[in-house]
Amino acid sequence: MRDKTLIIGAGTAGICIANELFKKKEDFEIFDTAEYKNYPFFFKPPLMIGFLFGRDNFIKENNFYFNDREIPYYIPNIIGGSSEINGCVHSLGSEKSWRKTLEDFNLNFEDIKYAYEENFSKDQKKEKIQIRESFSNDLDDDFFSFLTKRGVPYGNTEFSDTERFGTLKNNSGQFFRSTPLSSFYKIKKLVKKDIHVNNISIDNNFNVDGVFTNKGFFKFNKIILAAGSIGSSRIILNTFLSNKINIQKPIKDLAIKDQPNVRIKFKLNSQKGTLNEIYSSTFKRLILGINYLAGKRSFFTSSGATSAVYLDLDNDEVPDVKIQLVQFTEKGRLSSNTSRGIEFDPNPGFSLGITILNPKSIGRLSISKLDDRTLVKPNYFCNDEDLELCKKAIKFCLEFGKELKDIGIVNEIIDLKLIKNDVEGYIKTNVFSSYHLIGGCTLENGIINKNFNVTDLNNLFICDASVMSDFVSSNSHAPVVCLSSAFAKNIL
Ligand SMILES: Cc1cc2nc3c(=O)[nH]c(=O)nc-3n(C[C@H](O)[C@H](O)[C@H](O)COP(=O)(O)OP(=O)(O)OC[C@H]3O[C@@H](n4cnc5c(N)ncnc54)[C@H](O)[C@@H]3O)c2cc1C
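Draft legend 1. Expanded view of the overall build of the chain. Within the chain, the regular secondary structure consists of 13 helices and 27 strands. With the C-alpha coordinates of the chain rotated into their principal frame, the extents come out at 75 × 50 × 40 Å. Every one of the 492 residues in the chain was classed for burial, and the buried ones make up 49%. Within the chain, contacts between residues separated by at least 24 positions form 71% of all contacts whose residues are at least 6 apart in sequence.

Draft legend 2. Expanded view of helix α4 (residues 109–119). Taken together, the buried positions of α4 are occupied by Asp111, Ile112, Ala115 and Asn119. One face of α4 carries all of its buried residues, which in axial projection span an arc of 100°. Turned more than 90 degrees from where α4 packs its buried face, Glu110 and Glu117 sit exposed. Buried residues along α4 sit against α1 (12–23), α3 (95–101), β8 (120–121), β9 (129–133) and α13 (477–490).

Draft legend 3. Representation of the sheet that holds strand β14 (residues 208–213). The strand order across the open sheet formed by three strands is β13-β14-β15, and the pairing between neighbours is antiparallel. In this open sheet, the two strands that pair with only one neighbour each are β13 (197–202) and β15 (216–219). Strand-to-strand twist across the sheet, computed as the mean angle between neighbouring axes with direction ignored, equals 25°. Relative to β14, β13 is paired through five bridges, and the arrangement is antiparallel. In the strand pairing of β14, Ser201 is matched with Gly210.

Draft legend 4. Up close: the packing of helix α10 (residues 384–406) against helix α12 (residues 423–430). In contact at an axis separation of 11 Å, α10 and α12 are set at 100° when each is read in the N-to-C sense. The orientation of α10 relative to α12 falls into the category roughly perpendicular. On α12, the residues touching Leu387, Cys390, Lys391 and Ile394 of α10 are Val423, Glu424 and Ile427. Of the residues contributing to the contact of α10 with α12, the split by class is five nonpolar, no polar and two charged.

Draft legend 5. Expanded view of the sheet that holds β8. Taken in spatial order, the four strands line up as β7-β11-β9-β8 in an open sheet, and their pairing is mixed. Of all strands in the sheet, those with a lone pairing partner are β7 (89–90) and β8, marking the two edges. Taken together, the two bridges between β8 and β9 define a ladder with parallel strand orientation. Opposite Phe120, over in β9, you have Ile129 as the bridge partner.

Draft legend 6. The site of the ligand, seen in detail. Every one of the 38 residues lining the ligand counts as a neighbour, but Gly9, Gly11, Gly81, Gly87 and Gly231 are closest to it. Counting residues per element, the ones that place at least two in the shell around the ligand are α1, β6 (74–76), α7 (228–242) and α13.

Draft legend 7. Here's a closer look at the nonpolar core. Within the largest apolar cluster, 135 residues are counted, with the highest numbers of intra-cluster contacts made by Ile8, Ile17, Ile223, Ile323 and Cys463. The element best represented in this core is α13, accounting for eight residues. Every residue in contact with Ile223, bar those within four places of it in the chain, is listed here: Leu6, Ile8, Ile200, Val208, Val211, Asn459 and Leu460.

Definitions and cut-offs
- Residues numbered from 1 in each chain as written.
- Predicted model: local features only at pLDDT ≥ 70, side-chain atom pairs only at ≥ 80, totals over all residues.
- Helix = DSSP H or I, 4+ residues; strand = E, 2+ residues; numbered from the N terminus.
- Buried ≥ 20, exposed ≤ 12 C-beta atoms within 10 Å, placed from the backbone.
- Contact = placed C-beta atoms within 7 Å.
- Arc of directions from axis to C-beta.
- Pairing = 2+ DSSP bridges.
- Axes fitted to C-alpha atoms, helices over the stretch in contact; angles between N-to-C directions.
- Parallel < 35°, antiparallel > 145°, perpendicular 65-115°, else oblique.
- Nonpolar A, V, L, I, M, F, W, Y, C, P; charged D, E, K, R; others polar.
- Near = placed C-beta within 6 Å.
- Core = buried A, V, L, I, M, F, W, Y, C linked by C-beta atoms within 7 Å.

These results come straight from atomic positions and should not be treated as a statement about function.
Written out as structure tokens, the structure is:
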């Protein structure tokens, strides 16, 4: 009998897997729970995505629970998944981390390198995701000269194992966001939207049988789960619960990881060309628009973050923290409880965003018995090593702020007193998600084997951010593209 294959999820991994199966001329269907095929044109330049967060229809919330706070986390409601709503910052990561992660899979680093060449391009190549260097300005130069004085070398922010600083890369063409869906556009018409998969049916011989969805039961004998960390983990938990056969010992929750993100904000003495200034001046907005239409490199094709440094703060010869220069300060935080959609401060200002690259703190994902919601508890900084790294990174940021204050560029380091009096308190009340949730369906959690095959079940595979138990990069998009493409090409 010929396989009738279903891919669950037309997100980053789902589209890349479909693209590989399409090249192999295989027959498959793709279901996605998203209600929308596209968002309006206005949101296509990378910078404009921040404003999409004010539109409830295209993005849904699945907030995390941390201490007594709800931390905003977003899940897409459009075909293409997180790629279509993400910040576009591009980084493949570190070879050492990749090699360690690949020990979980029957893939090698050459497969990942091949997938990278196949899927990404720095030129305007058809059917490849385009990468463009971010716009940069005076503030980046100030940042770079501080880092040079500190002995940090200039280097590649896209891929390296060592300390370095440089301009960020973005998934963007000359004008618009570049995503798996926009690059592998033939796949779009194959996606069936608005089909929410609840769980997978397994027959008495441990074979996949089909899926139960909001539109009824559909029969398939091969299923590839690519619904992201939240979606795939949820479907797996429901599947283990609902099938009466004893396929696994009952699992109540799954281990997940997210990179915590803490920002320090700086008020400037005078104008430096930050987004705060552009946002509050009609004239500057007009100039920005004209430059953009003329095809000049501008803020429009960046995410607002323009450069970054990767630092080894615990001296173990592996960078452990990324500090990103963000060219604005916000009222609240992107779509935090107080503001949906971005709201820049009116005064000139910038932020430094700290990301712990490979946090040791482990979170849990479960399904609430009370209201059936997916409960994600990220447990940020429950491991002291993460907290110590963050404190060191804050110290580094304050030193940069002080240097700029001494030469009259910075007017004020916002919340400096609070940071000095109670740095741990500041960290815990100001930590947000990096939106890089991984894990849930990992080999470490006992869900899959080295071939991405769900343990003890025939013809059920998982490949998306949920199969990664550690971070290979400061950003998870390019790693998911490469891992899922390599899986579909070499293992399926
Ligand atoms: C707001 C935000 C900003 C980010 N910024 C960056 C960044 O700047 N740089 C970077 O590298 N990474 C960034 N990321 C992370 C990156 O985009 C993701 O890690 C990566 O795209 C995840 O891919 P995935 O295939 O695992 O999941 P997704 O791309 O989320 O795909 C999952 C798909 O499954 C579908 N689905 C879920 N449940 C079901 C179900 N039950 N039935 C059917 N379909 C279902 C969803 O609709 C979705 O289309 C960001 C993420 C977010 C949310």
